[in-house]
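# Summary of the model geometry
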Amino acid sequence: MLWMRVATGLVLAPLFVLGLFGLSPAGFSVFIGVFLLLSAWEWGGLCGFSRGGKVVWTAALAVIATSIFVLERALPELRLLVSGGGAALWLLAAVLIFTFPRGRGVWTRVSVRTAVGIVTMIPAWSALTLLQARAGGPWLVLWTMVMVWGADIGAYFAGHAYGRHKLMPAVSPGKTLEGAAGGLMLALIVSVLLAALGTFGSASVTIVLLVTALIVLASVFGDLLESLVKRVAGVKDSGSLLPGHGGVLDRVDGVLAAAPVSAVALTLLDIVPGGWMGRVLW
């Protein structure tokens, strides 16, 4: 129900913002790691693991994330490399999504779904922690999340009001081209308003809009990928932890793809908060 989704969001959003702005980079890494492990537990269910198997699988992702956290002391670029690898792999994921259901047999393999879980969750965690640790980083993370949330909200309402043409019915029957366009439009409008206020420093409006479009496009593929895996697994939701939303994975699926794309783009383009936002955050 819509009111349950809204109520859950009103609880989770302030919690996330408090962690984002109130925690040190190390603390934020652990904070995001909790969501990573909850998502990993649910992904283990989509892989068909038993309870014991999900414990092992979730622990394995915790070990990988911890290793990156430790090794970064010797290789500061490690998180950017992991994020970049994750962003690049979403190009392959897009191809696999577009060819579904012709390649359905590939997705029935537990090994494939397990590997996909690793290369989507670990880069997303690396990307969010990479961004948060930058100067003005909390704002960049928040902007990325707002783009994903805005695209999701815009798609929901535009799809219900104007949705006529299915986006990818074989993967997710409920999503429409009109909904996706509405989500992109809302995100672009928000970014234009923020850019007009000088929020992105010296970055041009064109660059900001390009990055916004990439983030939204990636979030759509993140959503579609989880829908594909759930369809193969024969379930509607990844879990039931969040009232009105399903599982944690159902809420962060778009972020799994958007975060690496955002982190790589914002880092390589060296976009930092400016204007009044920069003064507030710095």
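Our subject is the structure listed above.
What comes next is a walk through the structure. All of these numbers come straight from a predicted model, not from anything done at the bench. (Residues numbered from 1 in each chain as written. Predicted model: local features only at pLDDT ≥ 70, side-chain atom pairs only at ≥ 80, totals over all residues. Heavy atoms only, no water.)

## A short note on the environment of Gly-22
- With respect to the helices and strands, the residue Gly-22 is situated in helix H1 (residues 2-22).
- Between the C-alpha atom of Gly-22 and that of Arg-231, which follows or precedes it by 209 residues, the distance is 38 Å. (Helix = DSSP H or I, 4+ residues; strand = E, 2+ residues; numbered from the N terminus.)

## Side note on the pairing of strand E2 (residues 172-176)
- In the sheet, strand E1 (residues 166-168) pairs with E2 via two bridges, with the strands oriented antiparallel. Of the residues in E2, the one forming a bridge with Met-168 is Ser-172.
- Adjacent in sequence and paired antiparallel, E1 and E2 are bridged by three residues. (Pairing = 2+ DSSP bridges.)

## Thoughts on unusual backbone geometry
- Of note, the bond from Phe-100 into Pro-101 is cis; its omega dihedral lies within 30 degrees of zero at 15°.
- As for its placement among the helices and strands, Pro-101 is situated in the loop between helix H4 (78-99) and helix H5 (104-107).

## Things to note about empty space enclosed by the protein
- Inspection of every chain in the model, using the stated rule, returns one cavity of 30 Å³ or more.
- When its volume is computed, the largest cavity comes out at roughly 30 Å³.
- Lining the largest cavity, in full, are Trp-43, Trp-90, Gly-222, Leu-225, Glu-226, Asp-253 and Leu-256.
- When contributions to the lining of the largest cavity are tallied by element, the ones reaching two or more residues are helix H9 (205-233) and helix H10 (248-268).
- Classifying every residue of the lining of the largest cavity by side-chain character gives four nonpolar, one polar and two charged. (1 Å grid on protein atoms, 1.4 Å probe; cavity = no way out; pocket = protein on both sides within 12 Å on 5 of 7 lines; lining within 4 Å. Points joined across faces, edges and corners; volume = space filled by probe spheres on them. Nonpolar A, V, L, I, M, F, W, Y, C, P; charged D, E, K, R; others polar.)

## What to know about the pattern of salt bridges
- Applying the stated rule across the entire model yields six salt bridges.
- Asp-223 is the partner of Lys-175 in a salt bridge, and the nearest nitrogen-oxygen pair spans 3.3 Å. Within this pair, whereas Lys-175 is found in strand E2, its partner Asp-223 is found in helix H9, the two being separated by 48 residues in sequence.
- Since its relative accessible area comes to 23%, Lys-175 is described here as partly exposed.
- One salt bridge in this structure joins Asp-250 and Lys-230, with 3.0 Å as the shortest N-O distance. Here Asp-250 is found in helix H10, whereas its partner Lys-230 is found in helix H9, with 20 residues between them in sequence. Taken individually, Asp-250 and Lys-230 each receive the classification buried, so the pair is uniform in this respect.
- Three or more residues joined by partner-sharing salt bridges are found here, namely Glu-226, Lys-230 and Asp-250. (Salt bridge = Lys/Arg side-chain N within 4 Å of Asp/Glu carboxyl O. Buried < 20%, exposed > 50% of the residue type's maximum accessible area, 1.4 Å probe, protein only.)

## Some thoughts on the packing of aromatic side chains
- Taken as a whole and judged by the stated rule, the model has 10 aromatic pairs.
- Arranged with centres 6.4 Å apart and planes meeting at 65°, the rings of Phe-16 and Phe-28 form a pair that is edge-to-face. Here Phe-16 is found in helix H1, whereas its partner Phe-28 is found in helix H2 (residues 25-46), with 12 residues between them in sequence. The same class applies to Phe-16 as to Phe-28, namely buried.
- With centroids separated by 5.5 Å and ring planes inclined at 75°, the aromatic side chains of Phe-31 and Phe-35 adopt a geometry described as edge-to-face. Here Phe-31 and its partner Phe-35 are both found in helix H2, four residues apart, which amounts to about one turn of the helix.
- A relative accessible area of 16% places Phe-31 in the buried class.
- An aromatic cluster of at least three residues, connected via ring pairs, comprises Phe-16, Phe-28, Phe-31, Phe-35 and Trp-149. (Phe/Tyr/Trp six-rings, centres within 6.5 Å; stacked < 30°, edge-to-face > 60°.)

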